[in-house]
Amino acid sequence: MEPTSRGRSGEGEGRAAGDRSTLTLNINGTDHTLTLDHRTTVLDTLRLHLGLTGAKKGCDHGQCGACTVLVDGRRANSCLLLAVAQDGARITTVEGLAADDRLHPLQEAFLERDALQCGYCTPGQICSGIGVLGEAQDGFPSHATAPTAPVTGPVALDAAEIRERMSGNLCRCGAYPRIVEAIGDVAS
Amino acid sequence: MKPFAYLRAASVAEAVRESAARPGARFLGGGTNLVDLMKLGVESPGLLIDVSRLPLDRVTDTADGGLRIGATVRNSDLAAHPAVRTRYPALSQALLAGASGQLRNTATTGGNLLQRTRCPYFQDTSKPCNKREPGSGCPAREGAHRDLAVIGHSTECVATHPSDMAVALAALDAVVLLYGPDGERTVAVTEFHRLPGDDPSADTVIRPDEMITEVVLPPLPEGTVSLYRKARDRASFAFALASVAAVLRVREGRIEHAALAFGGLAHRPWRARTAEEALRGAPAGDAVYLSAVDAELAAARPLRDNAFKVTLARHLAVDALAALTTRA
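Criteria and thresholds
- Residues numbered from 1 in each chain as written.
- Chains lettered and ligands numbered in written order.
- Predicted model: local features only at pLDDT ≥ 70, side-chain atom pairs only at ≥ 80, totals over all residues.
- Heavy atoms only, no water.
- Salt bridge = Lys/Arg side-chain N within 4 Å of Asp/Glu carboxyl O.
- UniProt positions renumbered as here; feature names shortened; annotations may be inferred.
- Helix = DSSP H or I, 4+ residues; strand = E, 2+ residues; numbered from the N terminus.
- Disulfide = S-S within 2.5 Å.
- Buried < 20%, exposed > 50% of the residue type's maximum accessible area, 1.4 Å probe, protein only.
- Contact = heavy atoms within 4.5 Å.
- Buried area = accessible area lost by both parts, 1.4 Å probe.
- Polar contact = N/O pair within 3.5 Å; in protein donor to acceptor, adjacent residues only side chain to side chain.

Going by an unreviewed UniProt entry, chain B carries the name Xanthine dehydrogenase family protein subunit M and comes from Streptomyces poriferorum.

Per an unreviewed UniProt entry, chain A is named 2Fe-2S iron-sulfur cluster-binding protein, and its organism is Streptomyces poriferorum.

### Considering the pattern of salt bridges
All names here are of chain B. All chains considered together, the criterion is met by 30 salt bridges over all chains. Across the salt bridge formed by Asp-305 and Arg-304, the nearest N and O atoms sit 2.8 Å from each other. Each of Arg-26, Glu-43, Arg-116, Lys-131 and Asp-203 takes part in one network of salt bridges that share partners.

### Observations concerning the UniProt feature "domain: FAD-binding PCMH-type" (unreviewed entry) in chain B
Mapped onto the present numbering, the UniProt feature "domain: FAD-binding PCMH-type" (unreviewed entry) falls on residues 1-222 of chain B. Annotated as residues 1-222 of chain B, this span is 27% helix and 17% strand, and its ends, taken at the C-alpha atoms, are 51 Å apart.

### Topic: the state of the cysteines
All names here are of chain A. Applying the stated criterion to the full structure yields 0 disulfides over all chains. Of the cysteine sulfurs around Cys-127, a residue in no disulfide, the closest is that of Cys-67, at 10 Å. Take Cys-127: its relative accessible area is 1%, and that puts it in the buried class.

### What about the interface of chain B and chain A?
In this complex, chain B contributes 54 residues to the contact, which on the side of chain A involves 53 residues. Here chain B meets chain A over a buried area of about 4400 Å², counting both sides, of which 52% is carbon and sulfur. Considering only the surface of chain B that becomes buried against chain A, Arg-53, Arg-85 and Gln-102 of chain B emerge as the three largest contributors, covering 18% of it. Across the contact surface, chain B and chain A share 2 salt bridges. Put simply, Arg-74 of chain A and Asp-77 of chain B hold a salt bridge, and the shortest N to O gap is 3.1 Å. Linking chain B with chain A are 21 residue pairs in polar contact (both at pLDDT 80 or more), by the criterion used here. Among the secondary structure elements, those contributing two or more residues to the side of chain B that touches chain A are β1 (5-8), α1 (12-21), α2 (34-40), β3 (47-50), α3 (75-80), α4 (82-87), α5 (89-96) and α6 (101-106) of chain B.

Encoded structure:
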């Protein structure tokens, strides 16, 4: 078997000489073409090369979720994504959620519910929460979904579902109850 | 992290060819484990061959009623697939019991099978570890081994395989398809991961330059039910202290087919053949389940601080079989 590559549009040359490559990331609707050391993660690209410091570096090992962004619409830990492997990807950070001067409904809900204390984990919580809303709408089950639930169609997000689905985002201040409420507000 | 070259493979054949030409190359799938290990200095490949965009991202029915899963299918997509949820619930449940939503969106089927142990000594390059540096020793034996192996371990290594998915695949008799310089071959998931013995450096029987292209699930006869149970230190996003995948078919009160695999106990998903032998043809019921599971776990050799895992595994397995009996 010899299947051929299927890539995102705008994909560049497959072979990269040396330890740097030129790549294009669409960040919050704008294309950025950058030449980066292959070791550069998406998180470091955002923070150090593009000045987008919303996504935070917490553990840098995929365990805390502070770096969560949306990649082609799905949430991911940007600290574990090599930028070179994401060439052509469409990335949304917390800075790209508001439409003009209007905050995203989940951002509004976090304010309304006072779902934070220090705020360090909040950009990751909000991006992850938006991912959760989309996943539930698209029928993705979780560990909290009853095995007898229908295998297609949206999943209703009760508190147990939200807690399970948000387990990849830690909050050292312990704002969890209000984070669950804020996501629940937007889900319903 | 050491500098490395990067190549996006255009085909499986190219990926394998380039790997063979460059010792020290690694295939990159979702990278959730590999990139982390590179940050820790445990892995330092000179070349990453990105296979994540190869067209191996589909789940399709096989002619005989089984399921063919491409190596780059993401864990979240596999867990959500209607055919997996309907026909192989143990697999969907195992995937959903692992990692976090973010990680499952990124991690691949092939990468999940090939992930490395989370033994703290393996992940810390300042410590000896026979798996990372053969011959350097195993501090876990006398050290922090509460989460580590209770069965099938060796003097050289007490690591556990961390995957939930692989445990379900082992109980479901899945087969791994490998493509390498010598072409294609298949290995049963139960034979894919190794016991450590005197060479813990190899987690699996995969050969240099081989890559996983697919995992194939055989069809399950009508009336077969399955589930996955997991015990962990917190309610979500933690590796298994012990877990079990159970597959059962009962007819007129007698066990026609039983498959059990434990996670969190050993260097590989621990397929419980002794228990299965005791279950086959026996009347379905708790007393039979308990004695079958005890016969299996009699081979456990817990370390100073992890005997509780044997008890956990025992209860998980008996409860899983009892729960399946009510549905069978």
